[in-house]
Amino acid sequence: MKTFVTASLAAVSLAGCAHAPSTGTATDAAGAPLVTEIFTADPSAHVFEGRLYVYPSHDIEGPALPDIAPFLNSQGNAFRMRDYRVLSMDRVGGPVTLHPVALDIDDVPWAARQMWAPDAAFKNGTYYLYFPAKDRQGAFRIGVATSSSPAGPFTARPEPIKGSFSIDPSVFTDDDGRSYMYFGGLSGGQLQKTVNGVFNPDGPREADRAPHEPAYAPMVAPMTGDMLEFAEAPRAVEILDAKGQPIRADDAERRFFEAAWMHKYRGKYYLSYSTGGTHYIVYATGDYPQGPFTYQGRILEPVAGWTTHHSIVQKDGKWWLFYADSQLSGKTWLRNVRVAPLEYDREGRIKTMDRSIKAM
Ligand code: FUB
């Protein structure tokens, strides 16, 4: 795990009232946290009704969850999240509203623990919140909840999406109206322990894959018209190198780990993701939403903390990278969402950003 040196960690109050919206913290294109009342991470940003909405994980303090049946052989037990709070703002740099609880684990009939990185979508007058959580058998599944408002509250469906597994759902709607879910995450995200959709808690570790084999890949599935189920069985997305060969399992600086995100720029599909233990956000491009994709380069250099997870959105003609780091807390599992301008060069390549906060 990477260690960052910060001479003084800010002492911040993160008590935050869960029941009332609060407004006032200004976003900062220079990268200040969007809110400090609570810890937030894994930001999925969208423009709904002309306003920027951010759907983050809500990190909470407390001891790591126990590694007991049926949650044996878990990793990531410090990420013990129980609910979702939505952030919104008129524009980057404007005041941020921290909305009340949008969905609580007690209101999700099938979920037992660990509500990790969510995403949201809008179709036919309804807002959809997609979220992973462990079920009572210890397997990550992906749920969906609906609302008439982008900030919720959301009402969860009684069962997870059929055929869903692992973590980090993100939903992209193409210009033709078709929507796709990308998902998956290694190690604690269980992708490597789910074969043909069946979760095996004693299944392989990521390291068990031979170095020369293709790396694990994010999954993709088209959504049904009502956005509540997969229209087809999920399949692995192909990520290739410049020679058309699959990125290999031992290619730690380029291979997929978690946090898949799709956006479209000048007619090309950009699949971005985290490389996990090498702590980069990287991207690959392709001509179709389900791939194949060709690796292009880095978007974000490592930030403070082990995880790195982002989203990319256009607002008022400008592109933005939402990301999170652990600079304020000094603890990997207590993060703060930030935002930075994202730029392309003339060929459509994304310029690499270094948002690491150096020793002060
Ligand atoms: O926040 C919990 C997990 O950490 C997310 O699902 C991953 O993407 C990583 O950020």
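Right above here is the structure, for reference.
Residues numbered from 1 in each chain as written. Predicted model: local features only at pLDDT ≥ 70, side-chain atom pairs only at ≥ 80, totals over all residues. Heavy atoms only, no water.

### Some points on the pattern of salt bridges
Taken as a whole and assessed by the stated rule, the structure comprises 21 salt bridges. For the salt bridge of Asp 175 with Lys 264, the shortest nitrogen-to-oxygen distance reads 2.9 Å. Linking Asp 175 in the loop between β11 (170–173) and β12 (179–183) with Lys 264 in strand β18 (residues 258–265), this pair joins segments that are 89 residues apart in sequence. Note that Glu 343 and Lys 351 form a salt bridge whose closest N and O atoms lie 3.7 Å from each other. The class for Glu 343 is partly exposed, based on a relative accessible area of 46%. (Salt bridge = Lys/Arg side-chain N within 4 Å of Asp/Glu carboxyl O. Helix = DSSP H or I, 4+ residues; strand = E, 2+ residues; numbered from the N terminus. Buried < 20%, exposed > 50% of the residue type's maximum accessible area, 1.4 Å probe, protein only.)

### What about the environment of Pro 109?
In this fold, Pro 109 is placed in the loop between β5 (95–104) and β6 (111–113). Sequence separation between Pro 109 and Pro 160 is 51 residues, and the spatial gap between their C-alpha atoms is 9.3 Å. Non-local contacts of Pro 109, meaning those with residues more than four positions away in its chain, are made with Arg 136, Arg 157 and Pro 158. (Contact = heavy atoms within 4.5 Å.)

### Some thoughts on the site of the ligand
All residues in the neighbourhood of the ligand are listed as Asp 42, Ser 57, Phe 79, Met 81, Trp 116, Ala 117, Ile 167, Asp 168, Glu 258, Thr 307, His 309 and Arg 335. Note that an oxygen atom of the ligand is positioned 2.5 Å from one of the side-chain N or O atoms of Asp 42. With respect to the ligand, the side chain of His 309 contributes an N or O atom lying 2.6 Å from an oxygen atom. Coverage of the ligand by the protein amounts to 98% of the 280 Å² it exposes when considered alone. Partitioning the shell around the ligand into residue classes produces 5 nonpolar, 3 polar and 4 charged. (Near = heavy atom within 4 Å. Polar contact = N/O pair within 3.5 Å; in protein donor to acceptor, adjacent residues only side chain to side chain. Areas by Shrake-Rupley, 256 points an atom, 1.4 Å probe, with all protein chains shown as cover. Nonpolar A, V, L, I, M, F, W, Y, C, P; charged D, E, K, R; others polar.)

### Side note on unusual backbone geometry
For the peptide bond that leads from Ala 69 to Pro 70, omega is 0 degrees, which places it in the cis range. Take Pro 70: it is sitting in the loop between β3 (51–59) and β4 (83–89). Here the amide bond leading from Gly 291 into Pro 292 is cis, since omega sits at 5 degrees, within 30 degrees of zero. Mapped onto the fold, Pro 292 is located in the loop between β20 (281–286) and β21 (293–300). Positive phi outside glycine occurs at Glu 49, with the angle close to 55 degrees. One can find Glu 49 in the loop between β2 (39–48) and β3. Backbone geometry at Asp 316 places phi at a positive 55 degrees, although glycine is not the residue there. Among the structural elements, Asp 316 can be located in the loop between β22 (311–315) and β23 (318–325).

### Brief notes about the sheet that holds strand β17 (residues 239–240)
Spatial ordering of the open sheet is given by β17-β21-β20-β19-β18, a layout of 5 strands whose pairing is mixed. Only two strands of the sheet have a single partner each, and these edge strands are β17 and β18. In terms of strand pairing, strand β19 (residues 268–274) meets β20 through 6 bridges, oriented antiparallel. If you follow Ser 272 over to β20, its bridge partner there is Tyr 283. (Pairing = 2+ DSSP bridges.)

### Re the sheet that holds β12
Strand order in the open sheet made by the 4 strands is β11-β12-β15-β16, with antiparallel pairing throughout. The open sheet has two edge strands, β11 and β16 (235–236), and neither has a second partner. Bridging between β11 and β12 involves 4 bridges; their strand directions are antiparallel. The residue of β12 that forms the bridge with Val 171 is Met 181.

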